[in-house]
Structure formats: structure tokens, C-alpha cells
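Below are the chains, spelled out letter by letter.
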Amino acid sequence: MTTGLLKPALYREAGSDADPAHPALLGGACGCGHVFFPMQNFGCERCGRTDLSPRALTGRGRLLASARVHLHAGKHRHAPFTVGSIALEDGPIVRTILVDDGVPFQAGDALTATLVDVHDADGNLRRDLRFQREA
Ligand SMILES: [Zn+2]
């Protein structure tokens, strides 16, 4: 049994310099100022340059929209759960699962990244990224 990250290419346990308290998302930045997630080397979506640098993005953002999922085709994902689009402080918009706390989510809610225990397709315990309402 392992407790490694489910998707280590996308996030890490350690926070960014700007937000050490929450897991960082592994994005990238271009010399033109464009910040993106996830890291890629195909070229900047804004200017086309290919000399892109990895950047740890802060695990803080604002909820843009959310949807409650009541039925899901995946065997390993138990409904109901809530999916949200989150505008990260660093700019990119990510879509991921929110940690339900019993209070309906609203656009504009301040959210922070967190890691929760999940089981992968082989039943191994892993840590996966979620966003939760800021305490
Ligand atoms: Zn660029």
C-alpha cells in the first residue's frame, strides 16, 4: 500500500512560495507573462514561444461556477459530488472536485487546494487534489 500522489505531474504536497500552506499546482509561465496549467512544452497559447518555464502555482482561487453530479459512469467515483471551475490567483482556470461541507457553493467563494485520500483503480490509497472553502 502506498500513499503517493494520484497525479504527481499535476500537483505537489509542498506549497508555492506565495502560498506555502496549500498544495501547489504544477503549471508553467512564458516570458510574455502568460501563466498556464498544466505545464506543457508545446508552445505558449498566447505568443507561440516554446521556451516555457515550470512554475508552482498557488493553491488559492475563486469559484467561478459549480455543478452537483448525481450520477457518474465511473466505477471508482461515487456520486453525489460537486465539480467546480476555479480561477486560480495566478490566472489559469482549473476544473476539479470540491470538498462538500454541507453549505451550497456560490460563485465568488474563496477556495484553497487540499489533498484527500482516494483509492486508485487498483485499490491503492493515494492522495488527490481537491478544492475546499477557505476556513
Ligand atoms: Zn507567451
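See above for the structure.
Draft legend 1. Expanded view of the side chain of Asp19. Inspection of the secondary structure puts Asp19 in the loop between β1 (11-12) and β2 (24-29). Setting aside residues up to four positions removed in sequence, Asp19 forms contacts with Thr58, Gly59 and Arg60.

Draft legend 2. Molecular detail of the nonpolar core. The biggest cluster of nonpolar side chains holds 17 residues, and the ones touching the most others in it are Leu25, Ile86, Leu88, Leu98, Leu111, Leu129 and Phe131. Of all the elements in the fold, those that place two or more residues in this core are β2, β6 (81-88), β7 (93-98), β8 (110-119) and β9 (125-133). Sort the elements by how many residues they give to this core and β8 lands first, with three residues.

Draft legend 3. The arrangement of unusual backbone geometry in detail. The residue after Phe37, namely Pro38, is reached through a cis peptide bond having omega -5°. Along the chain, Pro38 turns up in the loop between β3 (35-36) and β4 (53-57). Across the junction of Ala79 and Pro80, the peptide omega takes the value 0°, indicating a cis bond.

Draft legend 4. Local environment of the coordination of the zinc ion. Coordination sphere of the zinc ion, protein contribution only: Cys30 (SG), Cys32 (SG), Cys44 (SG) and Cys47 (SG), at 2.3 Å. Each of the four donor atoms bound to the zinc ion contributes to angles spanning 102 to 116°, and the resulting shape is tetrahedral. Mapping the donors of the zinc ion onto the primary sequence gives the spacing C-x1-C-x11-C-x2-C. Note that Cys32 is positioned in the loop between β2 and β3 and Cys47 in the loop between β3 and β4, a separation of 15 residues in sequence. Given the relative accessible area of 30%, Cys32 is considered partly exposed.

Draft legend 5. Structural view of the environment of Gly31. With respect to the secondary-structure elements, Gly31 resides in the loop between β2 and β3. Of the residues examined, Gly31 reaches a relative accessible area of 57% and is grouped as exposed. Each C-alpha atom, one on Gly31 and one on Ala65, is 30 Å from the other, the two residues being 34 residues apart in sequence.

Draft legend 6. Representation of the environment of Thr96. Examined against the element boundaries, Thr96 turns out to sit in strand β7. Excluding residues that lie within four positions of it along the chain, Thr96 makes contacts with Thr82, Val83, Gly84, Ile86, Leu129 and Phe131.

Rules behind the numbers
- Residues numbered from 1 in each chain as written.
- Predicted model: local features only at pLDDT ≥ 70, side-chain atom pairs only at ≥ 80, totals over all residues.
- Heavy atoms only, no water.
- Helix = DSSP H or I, 4+ residues; strand = E, 2+ residues; numbered from the N terminus.
- Contact = heavy atoms within 4.5 Å.
- Core = buried A, V, L, I, M, F, W, Y, C linked by side-chain atoms within 4.5 Å.
- Buried < 20%, exposed > 50% of the residue type's maximum accessible area, 1.4 Å probe, protein only.
- Donors = N, O, S within 2.8 Å, 3.2 Å for Na, K, Ca; no water.
- Tetrahedral: all angles 85-135°; square planar, octahedral: opposite > 155°, others 65-115°.

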